[in-house]
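What follows is each chain in one-letter form.
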Amino acid sequence: MQKVNSDDQLASLLATPGDADVAFARRLKGDVVILGAGGKMGPTLARRLRLAIERAEGKQRVIAISRFEGSADRRELDRAGVETIAADLLDSENVKKLPQAENVLYLAGRKFGATTDPELTWAMNALVPAWIAQHYRASRIVAFSTGNIYPFVSPERGGCVESDAPSPIGEYAQSCLGRERVFQYYSKKLSTPCLIFRLNYAIDLRYGVLVDIARLVYDGQPVDVSVPVVNVLWQGDANSYAIRSLELCESPARILNVTGPETVSVLHAAQYFAQRFGRQLQTKGEPGKLALLNNAGACHAALGYPEFTANELMAAVAAWVEMGGTTLNKATKFQVTDGRF
């Protein structure tokens, strides 16, 4: 991975489509609506799709819908040729007015603050999907979810697969399973092609589990190693997988685990950053026997391997931290095992 020197360069890298994205855009039929497009992934995902369509000489519209509380994201999307609509998805009347499209990427959801305001979490994660599924019954829908719906497993097992029974811990994970069940119900009832996109630990230099570890080490703070291993995936790869997952939608809904192929040791990552930064490593806790892990073999078989490896991600994160790169100040809380976010 090239060294990234600014937020603009980072966003450009995340938004640059690969050959597979452009090839998909040539096959794409119909416009694409992206719901929850103002979050961490939405802006670069929308720009990546818009650019892929342009390179494929397509005419499809990309419509980004969010509350857009940060006007900078909306202006950037407008400049990139993405149409934007400000709407609160928690208002069912707003949902009824949303434009129809043959393809829908559903990124909306709530994680942090789930414990302090569980009612809002459940409304966002389980009620809104019912309105969306009915409104877009004639569309293909890729609905974002999370690996948090799985049980913690032994690292030796290699991660949970799509057929494993969910066992969500805490109200956030439970509400995410609720979101899945709602989309699955309407996919079956209305014959809507759908895919449940179970993503965990995307990395975008400004946030992600590797960023959390790197910044703790750089600041001389202890790293909690009680969760021994994690999965990681470059957010650009996650953007690409999400876009191309539209071709994998089925009824009943298909489930797809999305992450990188490597299992990264938290202690190893901390040791790498300590050596890179010339810091004395401090840790806390004892490595446990269980971790939250996805096996994304089906994703890689269908959509190919990620562009960047875990080692490349660690090097890029280290360079970003060393140069004083920005952070979104949104810790992943990867070390949480009680489901309280």
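Details of the structure are given in the entry above.
Rules used throughout
- Residues numbered from 1 in each chain as written.
- Predicted model: local features only at pLDDT ≥ 70, side-chain atom pairs only at ≥ 80, totals over all residues.
- Heavy atoms only, no water.
- Helix = DSSP H or I, 4+ residues; strand = E, 2+ residues; numbered from the N terminus.
- Rg over C-alpha atoms; globule rule 2.2 N^0.38 Å.
- Buried < 20%, exposed > 50% of the residue type's maximum accessible area, 1.4 Å probe, protein only.
- Contact = heavy atoms within 4.5 Å.
- Areas by Shrake-Rupley, 256 points an atom, 1.4 Å probe, with all protein chains shown as cover.
- Lys, Arg positive; Asp, Glu negative; His and termini not counted.
- Charge placed at Lys NZ, Arg CZ, Asp CG, Glu CD.
- Core = buried A, V, L, I, M, F, W, Y, C linked by side-chain atoms within 4.5 Å.
- Pairing = 2+ DSSP bridges.
- Axes fitted to C-alpha atoms, helices over the stretch in contact; angles between N-to-C directions.
- Salt bridge = Lys/Arg side-chain N within 4 Å of Asp/Glu carboxyl O.

Enquirer: Summarise the overall build of the chain; cite the residues concerned and give the values.
Expert: Of the regular secondary structure elements, the chain holds twelve helices and 13 strands. Taking 2.2 N^0.38 as the reference for a compact globule, 341 residues should give roughly 20 Å; the C-alpha atoms of the chain span a radius of gyration of 19 Å, in line with that estimate. Taken over the C-alpha atoms alone, the chain extends approximately 55 × 40 × 35 Å along its principal axes. A total of 341 residues make up the chain; the buried ones form 54% of that total. A sequence separation of at least 24 residues applies to 83% of the contacts in the chain between residues at least 6 apart. Carbon and sulfur atoms make up 48% of the accessible area of the chain, which totals about 14,100 Å². Mean positive and mean negative side-chain charge positions of the chain (38 and 36 charges, respectively) differ by 3 Å.

Enquirer: Outline the nonpolar core, listing residues and values.
Expert: The biggest cluster of nonpolar side chains holds 47 residues, and the ones touching the most others in it are Leu210, Ile213, Val232, Phe273 and Val317. For this core, the elements supplying multiple residues, two or more each, are helix H1 (7-15), helix H7 (170-190), helix H8 (209-218), strand S9 (229-230), helix H10 (266-277) and helix H12 (310-322). The dominant element in this core, judged by the number of residues it contributes, is H12, at eight residues. In this view, isoleucine 213 contacts Val223, Val266, Ala269, Ala270, Phe273 and Phe334; residues no more than four positions away in its chain are not counted. In terms of nonpolar packing, the next biggest core, distinct from the first, is built from 41 residues, Ile53, Leu77, Leu107 and Leu246 among them.

Enquirer: Can you lay out the side chain of threonine 192 for me, pointing to particular residues and giving the numbers?
Expert: As for its position among the elements, threonine 192 is in the loop between H7 and strand S6 (194-199). Exposure remark for threonine 192: the relative accessible area of 3% places this residue in the buried category. Apart from the residues within four sequence positions on either side, threonine 192 is in contact with Tyr136, Arg137, Ser139, Ile141, Tyr186, Ser187, Glu250 and Ser251.

Enquirer: Quick one: what's the story with the sheet that holds strand S4 (residues 103-106), residue by residue and with numbers?
Expert: Pairing within the open sheet is parallel, and its seven strands lie in the order S3-S2-S1-S4-S5-S6-S11. Both edges of this open sheet fall to strand S3 (83-86) and strand S11 (254-258), since each of them pairs with a single strand only. Strand after strand, the sheet turns through a mean of 20 degrees between neighbouring axes, direction not considered. Across four bridges, the pairing between strand S1 (residues 32-35) and S4 is parallel.

Enquirer: Can you tell me about the pattern of salt bridges, naming the residues and giving the values?
Expert: Opposite charge on two side chains lets them pair, provided their charged atoms get close. According to the stated counting rule, one finds 16 salt bridges in the structure shown. Note that arginine 206 is salt-bridged to aspartate 7, the shortest N-O span being 3.9 Å. Here aspartate 7 lies in helix H1 and arginine 206 lies in the loop between strand S7 (202-203) and H8, a separation of 199 residues in the sequence. Residue arginine 206 is classed as buried on the basis of its relative accessible area of 17%.

Enquirer: Account for the environment of proline 287, naming residues and giving values.
Expert: Relative to the assigned elements, proline 287 resides in the loop between strand S13 (283-284) and helix H11 (297-303). Proline 287 sits in the partly exposed class, given a relative accessible area of 46%. Through-space distance from the C-alpha of proline 287 to that of valine 229 is 8.8 Å; in sequence the pair is 58 residues apart. If we ignore the near neighbours within four places in the chain, the residues touching proline 287 are Val225, Ser226 and Pro228.

Enquirer: I'd like a description of H8, backed by residues and values.
Expert: In terms of burial, H8 is largely enclosed, as seven of its ten residues are buried. Here H8 has its buried residues at Val209, Leu210, Val211, Asp212, Ile213, Ala214 and Val217. In this structure, the buried residues of H8 make contact with S7, strand S8 (223-224), S9, strand S12 (264-265), H10 and H12. Residue glycine 220 follows H8 closely and has a positive phi angle near 75 degrees.

Enquirer: Describe the environment of phenylalanine 152, naming the residues involved and giving the relevant values.
Expert: Mapped onto the secondary structure, phenylalanine 152 falls in the loop between strand S5 (140-146) and H7. Phenylalanine 152 sits in the partly exposed class, given a relative accessible area of 21%. Taking the C-alpha atoms as reference points, phenylalanine 152 and leucine 290, separated by 138 residues in sequence, lie 5.5 Å from one another. Leave out the neighbours within four places in its chain, and phenylalanine 152 touches Ile169, Leu290, Ala291, Leu292, Val336 and Thr337.

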